[in-house]
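# A closer look at the structure
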Amino acid sequence: MLKQRVLTALVLAPLALAAVFLLPQAAFEIVLAVVFLYGSWEWGNLCRLSLFSRFVYLALHAVVLTVVAFVPGSQSVAIVLALLFWSVALLLVKGYPATAGYSRVPFRLMMGLLVLVPAWYAISALRAGENGLTLLLMLLVLVWGADIGAYVAGKTWGRRKLLPAVSPGKTLEGAAGGLVACVLTGFGFAVWLELSLIASVTLMLLSLLTGMVSVLGDLLESMLKRERGIKDSGQLLPGHGGVLDRIDSLTAAAPVFFAGLYFVTGV
């Protein structure tokens, strides 16, 4: 399994970075849309949809994504709805399994739209904006840093469980290590962007918040997989599971990071 994970990562990482840095904006948005639409296919599995219903759900995602891409004003609505949803998701995850009854299939289907579509827009818009490549790279480093920092700290010092009912392997010490990595990432990019002191502190706070939300994205998918009775969202990526297993943290972090940048002076 470890060999599969490493080999898959060695293929995926260069492809992801090439898409971020080499593709024209329109091509990048299309490739990203394909990835996220495949995520909607896997989300249909989390909702126990039949094969035909999963195709219908995929088509619905494509329609909503197209609306957000081309209808003025829908982008802001998508981001606001995403922020509201992740506030609710925090309560669902924190209260699990007592909250399991509130995540029935219709609500889960709506959850998929609120998780995937705003994240697609946030990543696309982030790359298209000023300092877009730098800030998108920062977002990716924050998500990766939170994951790697949590893994290292959890393996080294992990004792107390974070939310054992949702994800037994995660510890408070690991989560703290991931958040420290995010704060350091924020500091490094603040220096790189030559921000003022106030803007630097704000960016570091945003990095901390983004790291916290990225953990929530991971926990939400873990909760849904536990309810579904499966280990991975899919089998597309050997050693890594499905697409959702790779982008779950990013789907939560992206809209929060994108919205938070409005409050960072000079970015």
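Residues numbered from 1 in each chain as written. Predicted model: local features only at pLDDT ≥ 70, side-chain atom pairs only at ≥ 80, totals over all residues. Heavy atoms only, no water.

This part takes up the overall build of the chain. On a plain count of helices and strands, the chain comes out with 9 helices and 2 strands. Shown N-terminal to C-terminal, the secondary structure of the chain runs as helices and strands in the order α-α-α-α-α-α-β-β-α-α-α. Principal-axis analysis of the C-alpha atoms gives the chain an extent of 55 × 50 × 35 Å. Scored against the burial criterion, the 267 residues of the chain give a buried share of 50%. Only carbon and sulfur atoms are counted for the fraction: they give 72% of the accessible area of the chain, which is about 13300 Å². Looking at the chain, you have 18 positive and 12 negative side-chain charges, and the mean spots of the two groups are 11 Å apart. (Helix = DSSP H or I, 4+ residues; strand = E, 2+ residues; numbered from the N terminus. Buried < 20%, exposed > 50% of the residue type's maximum accessible area, 1.4 Å probe, protein only. Areas by Shrake-Rupley, 256 points an atom, 1.4 Å probe, with all protein chains shown as cover. Lys, Arg positive; Asp, Glu negative; His and termini not counted. Charge placed at Lys NZ, Arg CZ, Asp CG, Glu CD.)

Another point: the layout of surface pockets. The computed volume of the second largest pocket comes to approximately 530 Å³. Leu90, Leu209, Met212, Val213 and Leu216 are, among the 21 residues lining the second largest pocket, the residues nearest its centre. At 7 residues, the largest contribution of residues to the lining of the second largest pocket is made by helix H8 (residues 197–228). Tallied by class, residues from the lining of the second largest pocket come to 18 nonpolar, 2 polar and 1 charged. (1 Å grid on protein atoms, 1.4 Å probe; cavity = no way out; pocket = protein on both sides within 12 Å on 5 of 7 lines; lining within 4 Å. Points joined across faces, edges and corners; volume = space filled by probe spheres on them. Nonpolar A, V, L, I, M, F, W, Y, C, P; charged D, E, K, R; others polar.)

This part takes up the nonpolar core. In terms of nonpolar packing, the biggest core is built from 70 residues, with Trp43, Ile123, Leu139 and Leu220 touching the most fellow members. For this core, the element with the highest residue contribution is helix H5 (residues 105–128), accounting for 13 residues. Beyond its immediate stretch of four places on either side in the chain, Ile123 contacts Phe28, Leu32, Phe36, Leu136, Leu139, Leu250 and Ala254. (Core = buried A, V, L, I, M, F, W, Y, C linked by side-chain atoms within 4.5 Å. Contact = heavy atoms within 4.5 Å.)

Once that is clear, we can look at helix H4 (residues 74–95). Compared with the 32 Å implied by 1.5 Å per residue over 22 residues, the 31 Å span of H4 between its first and last C-alpha is a close match. For H4, the complete set of buried residues consists of Ser74, Gln75, Ala78, Ile79, Ala82, Phe85, Trp86, Ala89, Leu92 and Val93. Summarising the axial view, the buried residues of H4 lie within an arc of 130°, below the 170-degree limit, and thus occupy one face. Facing away from the buried side of H4 by over 90 degrees, the exposed positions are Leu84, Leu91 and Lys94. Its buried side turned inward, H4 meets helix H3 (51–70), H5, strand S1 (161–163), H8 and helix H9 (243–260). (Expected span 1.5 Å × (residues − 1). Arc of directions from axis to C-beta.)

Here the structure, examined in full by the defined rule, presents 2 cavities of 30 Å³ or more. Roughly 60 Å³ of volume is contained in the largest cavity. If you trace the largest cavity, you find it lined by Trp43, Trp86, Val115, Gly217, Leu220, Glu221, Leu244, Asp248 and Thr251. Mapped onto the lining of the largest cavity, the elements with two or more residues apiece are H8 and H9. Split into classes, the residues belonging to the lining of the largest cavity amount to 5 nonpolar, 2 polar and 2 charged. Quantified by volume, the second largest cavity comes out at close to 30 Å³. In terms of lining residues, the second largest cavity is bounded by Phe36, Leu37, His61, Leu65, Leu116 and Val117.

Here 2 bridges tie S1 to strand S2 (residues 167–171), and the two strands are oriented antiparallel to one another. Note that in S2 the partner of Lys161 across the bridge is Thr171. Between the antiparallel neighbours S1 and S2 lie 3 residues. (Pairing = 2+ DSSP bridges.)

A separate point is the packing of helix H6 (residues 132–157) against H9. The interhelical angle for the contact between H6 and H9, taken along N-to-C directions, is 135°, at an axis separation of 10 Å. As summarised for this structure, H6 and H9 are arranged oblique, according to the angle between their axes. When you trace H6 past H9, the crossing you get is right-handed. Contact residues: Leu135, Met138, Leu139, Leu140, Leu142 and Val143 in H6; Ser249, Leu250, Ala253, Ala254 and Phe257 in H9. Classifying every residue of the contact of H6 with H9 gives 10 nonpolar, 1 polar and no charged. (Axes fitted to C-alpha atoms, helices over the stretch in contact; angles between N-to-C directions. Parallel < 35°, antiparallel > 145°, perpendicular 65-115°, else oblique. Left-handed = near helix turned anticlockwise from the far one by under 90°.)

Position of Thr202 relative to the elements: it lies in helix H8. Overall, Thr202 belongs to the partly exposed group, its relative accessible area being 24%. Thr202 sits 16 residues away from Gly186 along the chain, and the two C-alpha atoms are 9.1 Å apart.

Glancing now at the confidence of the model for the chain. Taken residue by residue, the chain gives an average pLDDT of 91. The fraction at 70 or more is 94%. No element of the chain has a lower mean pLDDT than helix H1 (residues 2–22), which averages 78, and none a higher one than H3, which averages 97. (pLDDT = per-residue confidence, 0-100.)

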